[in-house]
Amino acid sequence: MNFIAMQIIDSGHSQLMAKAMDSYSLRQEITSSNIANIDTPGYSRHSVEFESALQEARKSGKAMHEVNPSISETGDEVVLENELLEMADTQMRVQLVTRALRHHYDTLQTGITSTTR
């Protein structure tokens, strides 16, 4: 496969979507950890920041696919209802990214083979 073909297949868009999937997977792990430690004395809620870092990268002109998620301790106590809402929100984001990736690769397939699934 030549260099141009690889650039199309592994574009900034697909790299950003892959980074988003990794970030949302990390967010699900951290949220699960928060729930598991809900009764642990002295435990403080942790969160994963990704979307705000993307917005900052966009404003500064940085390549968005180079943005990495960060884990921070919020200092707040864990509230089960909030963590369950976070899990549901993250799952919806995963579904959105999955659809975007599917559309991206379907478009590539159509361009390469001139056929659709």
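Residues numbered from 1 in each chain as written. Predicted model: local features only at pLDDT ≥ 70, side-chain atom pairs only at ≥ 80, totals over all residues. Heavy atoms only, no water.

A. Structural view of a nonpolar patch on the surface. Taken together, the side chains of Ile-38, Leu-80 and Leu-84 define a hydrophobic patch exposed on the protein surface, amounting to about 230 Å² of accessible area. Take Leu-80: it is sitting in helix H4 (residues 80–113). (Patch = residues over 30% accessible without salt bridge, like charges linked within 9 Å, V, L, I, M, F, W, Y side chains within 5 Å. Areas by Shrake-Rupley, 256 points an atom, 1.4 Å probe, with all protein chains shown as cover. Salt bridge = Lys/Arg side-chain N within 4 Å of Asp/Glu carboxyl O. Helix = DSSP H or I, 4+ residues; strand = E, 2+ residues; numbered from the N terminus.)

B. The side chain of Lys-19, seen in detail. With respect to the element layout, Lys-19 can be found in helix H2 (residues 12–36). Although Lys-19 is buried, it makes no salt bridge; Asp-22 carries the closest opposite charge, 6.1 Å away. Here Asn-68 takes part through its side chain, which lies 2.6 Å from a polar atom of the side chain of Lys-19. For Lys-19, the contacting residues outside a window of four places in its chain are Phe-50, His-65, Val-67 and Asn-68. (Buried < 20%, exposed > 50% of the residue type's maximum accessible area, 1.4 Å probe, protein only. Lys, Arg positive; Asp, Glu negative; His and termini not counted. Polar contact = N/O pair within 3.5 Å; in protein donor to acceptor, adjacent residues only side chain to side chain. Contact = heavy atoms within 4.5 Å.)

C. Inspection of the packing of aromatic side chains at higher detail. Counted under the stated rule, the structure contains 1 aromatic pair. Between Tyr-24 and Phe-50, the ring centres sit 6.0 Å apart and the planes meet at 85°, which makes this aromatic pair edge-to-face. Here Tyr-24, found in helix H2, pairs with Phe-50, found in the loop between strand S1 (46–49) and helix H3 (51–60); they are 26 residues apart in sequence, far enough to count as distant. (Phe/Tyr/Trp six-rings, centres within 6.5 Å; stacked < 30°, edge-to-face > 60°.)

D. Expanded view of the side chain of Asn-34. As for its placement among the helices and strands, Asn-34 is situated in helix H2. Given the relative accessible area of 0%, Asn-34 is considered buried. Among all residues touching Asn-34, those that are not within four sequence positions of it are Tyr-43, Arg-45, His-46, Val-78 and Glu-83.

E. View of H4. Taking 1.5 Å per residue as the helical rise, H4 with its 34 residues ought to reach 50 Å, and the 49 Å between its terminal C-alpha atoms agrees with that figure. Among the residues of H4, those classed as buried are Glu-83, Thr-90, Val-94, Val-97, Leu-101, His-104 and Leu-108. Positive backbone phi, at 60°, marks Ser-114, one or two positions downstream of H4. (Expected span 1.5 Å × (residues − 1).)

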